[in-house]
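# Structure assessment
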Amino acid sequence: MNEVNRRYFLMSSGLAAAAPLAARASSLNGANSRVRVAIIGVKGRGGEHIRGFSALSKDNVELAALCDVDESVLNQRLSEVDAKSGKKPAAFTDMRKVFDDKSIDAVSFATPNHWHALGTIWACQAGKDVYVEKPASHNIF
């Protein structure tokens, strides 16, 4: 039996997680060729999500919106993105407003753990693609 090391597993899992977005972006044509992503929760880990998705912008991914309940954190991140890219994403303090926005294709969750499951369900119900990290919920119930 072949043994898979942790580093290989994590690298391939990350590629597998990003594959649907990349496939979707590469299958689109013309003006609709950009996958518009919103990041929900932008304080700690959300900053890494911003950097990661911003790096993909040349590959047909647009950082379209940021969402955080703390307006001071949200405004700080918006300013950082604007300074680096010259584009200011849309701003939301309520994730449900992100799900209502028909121009957003995908959401990335960097919220506290207890919001992962419910936010993911709401996003899927709204027809969004979702990236959410472990743990997928606060507890098994």
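## Describing helix 2 (residues 45-55)
Listed as buried for helix 2 are Gly-46, Gly-47, His-49, Ile-50 and Phe-53. Viewed along the axis of helix 2, the buried residues span an arc of 155°, placing them on a single side of the element.

## Things to note about the packing of aromatic side chains
A full pass over the atoms with the stated rule returns two aromatic pairs. A centroid spacing of 6.4 Å and a plane angle of 50° characterise the contact between Phe-99 and Phe-109, whose relative ring orientation is tilted. With Phe-99 in helix 4 (residues 95-100) and Phe-109 in strand 4 (residues 106-109), this pair connects stretches of sequence that are ten residues apart. Grouping residues by exposure puts Phe-99 and Phe-109 together as buried. Ring plane angle 45° and centroid distance 6.3 Å describe the contact between Trp-115 and Trp-122, whose orientation is recorded as tilted.

## Considering the side chain of Arg-77
Locating Arg-77 in the fold gives a position in helix 3 (residues 71-85). Accessibility expressed as a relative area gives 13% for Arg-77, which makes it buried. Looking at Arg-77, its side chain comes within polar contact range of the main-chain oxygen of Lys-43, at 2.3 Å. The residues contacting Arg-77, other than those within four sequence positions of it, are Val-42, Lys-43, Gly-44, Gly-47, Ile-50 and Leu-66.

## Details of the confidence of the model for the protein chain
Per-chain confidence: the protein chain averages 83 in pLDDT, with 74% of residues scoring 70 or above. Considering each helix and strand of the protein chain separately, the mean pLDDT is smallest for helix 1 (residues 6-27), with a value of 56, and largest for strand 3 (residues 90-92), with 98.

## Examining the pairing of strand 1 (residues 35-40)
With five of its six residues buried, strand 1 lies for the most part within the structure. Across six bridges, the pairing between strand 1 and strand 2 (residues 61-67) is parallel. Looking at strand 2, one finds that Val-37 is bridged to Leu-63. Pairing analysis gives four bridges linking strand 1 to strand 4, with the strands arranged parallel. Paired with Ala-38 across the strands is Val-107, a residue of strand 4.

## Structural notes on the sheet that holds strand 3
Taken in spatial order, the five strands make up an open sheet running 3-2-1-4-5, and their pairing is parallel. Looking at which strands have only one partner, the edges of the open sheet turn out to be strand 3 and strand 5 (129-132). Strand-to-strand, the axes of this sheet are offset by a mean angle of 25°, without reference to chain direction. Seen against the sheet, helix 2 touches strand 1, strand 2, strand 4 and strand 5 and runs at an angle of roughly 170° to strand 1.

## Regarding the nonpolar core
The biggest cluster of nonpolar side chains holds 14 residues, and the ones touching the most others in it are Val-37, Ile-39, Val-42, Ile-50, Leu-63 and Leu-66. Counting residues per element, this core draws most heavily on helix 3, which supplies four residues. Among residues more than four places away in sequence, those in contact with Val-42 are Gly-47, Ile-50, Leu-66, Cys-67, Asp-68, Val-73, Leu-74 and Arg-77. Core analysis: the second largest hydrophobic core is formed by 13 residues, Ile-40, Cys-67, Val-107 and Phe-109 among them.

About the cut-offs
Residues numbered from 1 in each chain as written. Predicted model: local features only at pLDDT ≥ 70, side-chain atom pairs only at ≥ 80, totals over all residues. Heavy atoms only, no water. Buried < 20%, exposed > 50% of the residue type's maximum accessible area, 1.4 Å probe, protein only. Helix = DSSP H or I, 4+ residues; strand = E, 2+ residues; numbered from the N terminus. Arc of directions from axis to C-beta. Phe/Tyr/Trp six-rings, centres within 6.5 Å; stacked < 30°, edge-to-face > 60°. Polar contact = N/O pair within 3.5 Å; in protein donor to acceptor, adjacent residues only side chain to side chain. Contact = heavy atoms within 4.5 Å. pLDDT = per-residue confidence, 0-100. Pairing = 2+ DSSP bridges. Axes fitted to C-alpha atoms, helices over the stretch in contact; angles between N-to-C directions. Core = buried A, V, L, I, M, F, W, Y, C linked by side-chain atoms within 4.5 Å.

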